[in-house]
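Fold and contact review
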Amino acid sequence: MNRSPTEQQGITLSDLMRQRMNGITSAMGIALHKIGFHPDVVTFMGWGLVIVGSVFIAQGEFLIGAIWYMLALPFDALDGAVARAMQRTSQFGAMLDSTLDRYADGFIFVAFSYYFAVQAQFDLFVVAQIALIGSFLVSYARARAEGLGVDCKVGWFTRMERLAVILLMSFFPVLLTIGIWLLAIGTNITAMQRIWYVYQTLNNRGE
């Protein structure tokens, strides 16, 4: 039996991780709220950690950079947990979180691009730039889809999958070439998957 695009969408790795960690992040969000943390401050803290990690990546200090990225990961969920703890619903907060996520993606791929340029690996520099474009397009396709009333989370390389590959190739630099090619190809395929998904959904609606 054929399934509708909505039924085909399924659950992403990002959704699965949030579900598994929901109890922990909720408890931490309540604790941070009680000591006076604002959700936007938490968002900026995570963003700052990514910037520090990117500086190390650019210098070829991959292990240290990966550790900073690991430290930044919980903040991606904690800002929302703090907001829920203080019963705050803010469209600006959601917009800020999404915008800083794009900045974080940009810093990460610029760091790898800089490293490849310094090493005179200009082919991989270009591949890193293609991965950056794909990463932005994955997020842009979802944002545009939501503007059309379509919840679009499909694709092989959502943000959590991208971060997993980035962490693996940072902890194990021997995987650097494979990882950056995987990101370049995977992100752009994911963008195409989302475009196709939106087309199917709107077509089924008769729009």
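To be clear, the structure that these remarks concern was listed above.
To keep things clear, this report deals only with the structure shown in the data block. Since the model is a prediction, treat every value here as computed from it, not as a measurement. (Residues numbered from 1 in each chain as written. Predicted model: local features only at pLDDT ≥ 70, side-chain atom pairs only at ≥ 80, totals over all residues. Heavy atoms only, no water.)

Regarding the overall build of the protein
The condition is simple: Elements are defined by DSSP. Helices are runs of H or I of four residues or more, strands are runs of E of two residues or more, and each kind is numbered from the N terminus. Throughout, a residue-residue contact means that at least one pair of heavy atoms, one from each residue, lies within 4.5 Å. Computed with the Shrake-Rupley method and a 1.4 Å probe, the accessible areas treat only the protein chains shown as cover for residues.
Per the secondary structure count, the protein includes nine helices and zero strands. Start at the N end of the protein and walk to the C end: the helices and strands fall as α-α-α-α-α-α-α-α-α. Restricting to contacts in the protein with at least 6 residues of sequence separation, those with at least 24 account for 79%. By element, 67% of the accessible surface of the protein is carried by carbon and sulfur atoms, the whole surface being about 11500 Å².

Some remarks on the packing of helix H6 (residues 91-118) against helix H9 (residues 176-205)
Rules: Only C-alpha atoms enter the line fits that serve as axes; for helices the fit covers just the stretch in contact. Angles between N-to-C directions range over 0 to 180 degrees. Throughout this description, any angle smaller than 35 degrees is read as roughly parallel, any larger than 145 degrees as roughly antiparallel, any in the 65 to 115 degree range as roughly perpendicular, and the remainder as oblique. Here a crossing is taken to be left-handed if its near helix is turned anticlockwise relative to the far helix by less than a right angle, and right-handed if that turn runs clockwise. Gly counts as polar in this scheme, as do all residues outside two lists: the nonpolar Ala, Val, Leu, Ile, Met, Phe, Trp, Tyr, Cys and Pro, and the charged Asp, Glu, Lys and Arg.
Close contact between H6 and H9 brings their axes to 13 Å; oriented N to C, the two are set at 135°. What the angle tells us is that H6 and H9 run oblique. As for the relative orientation of H6 and H9, their crossing is left-handed in sense. Judged by residue contacts, Phe109, Phe112, Tyr115 and Phe116 of H6 engage Leu176, Ile180 and Leu183 from H9. In the contact of H6 with H9, the residues fall into seven nonpolar, no polar and no charged.

As for the pattern of salt bridges
Note the threshold: Salt bridge, as applied in this entry: a Lys or Arg side-chain nitrogen positioned within 4 Å of an Asp or Glu carboxyl oxygen. Partly exposed residues are those whose accessible area sits between 20% and 50% of the maximum for their type, while under 20% is buried and over 50% is exposed, using a 1.4 Å probe and protein chains only.
Throughout the structure, instances matching the rule amount to six salt bridges. Among the ionic pairs, aspartate 105 bridges to arginine 162, the shortest N-O distance being 3.5 Å. With aspartate 105 in helix H6 and arginine 162 in helix H8 (residues 159-171), this residue pair connects regions lying 57 residues apart in the sequence. Residues arginine 142 and glutamate 146 are paired through a salt bridge, measuring 3.1 Å at the closest nitrogen-oxygen approach. With arginine 142 and glutamate 146 both in helix H7 (residues 122-147) and four residues apart, this pair spans about one turn of that helix. With a relative accessible area of 31%, arginine 142 lands in the partly exposed category. Among the ionic contacts, a cluster of salt bridges with common partners joins Asp76, Asp101, Arg102, Asp105, Arg159 and Arg162.

Focus: the side chain of aspartate 40
Note on placement: aspartate 40 falls in helix H3 (residues 39-58). In contact with aspartate 40, other than residues within four places in its own chain, are Arg88, Phe92, Gly93 and Leu96.

Shape is all these values report; function is a separate question.
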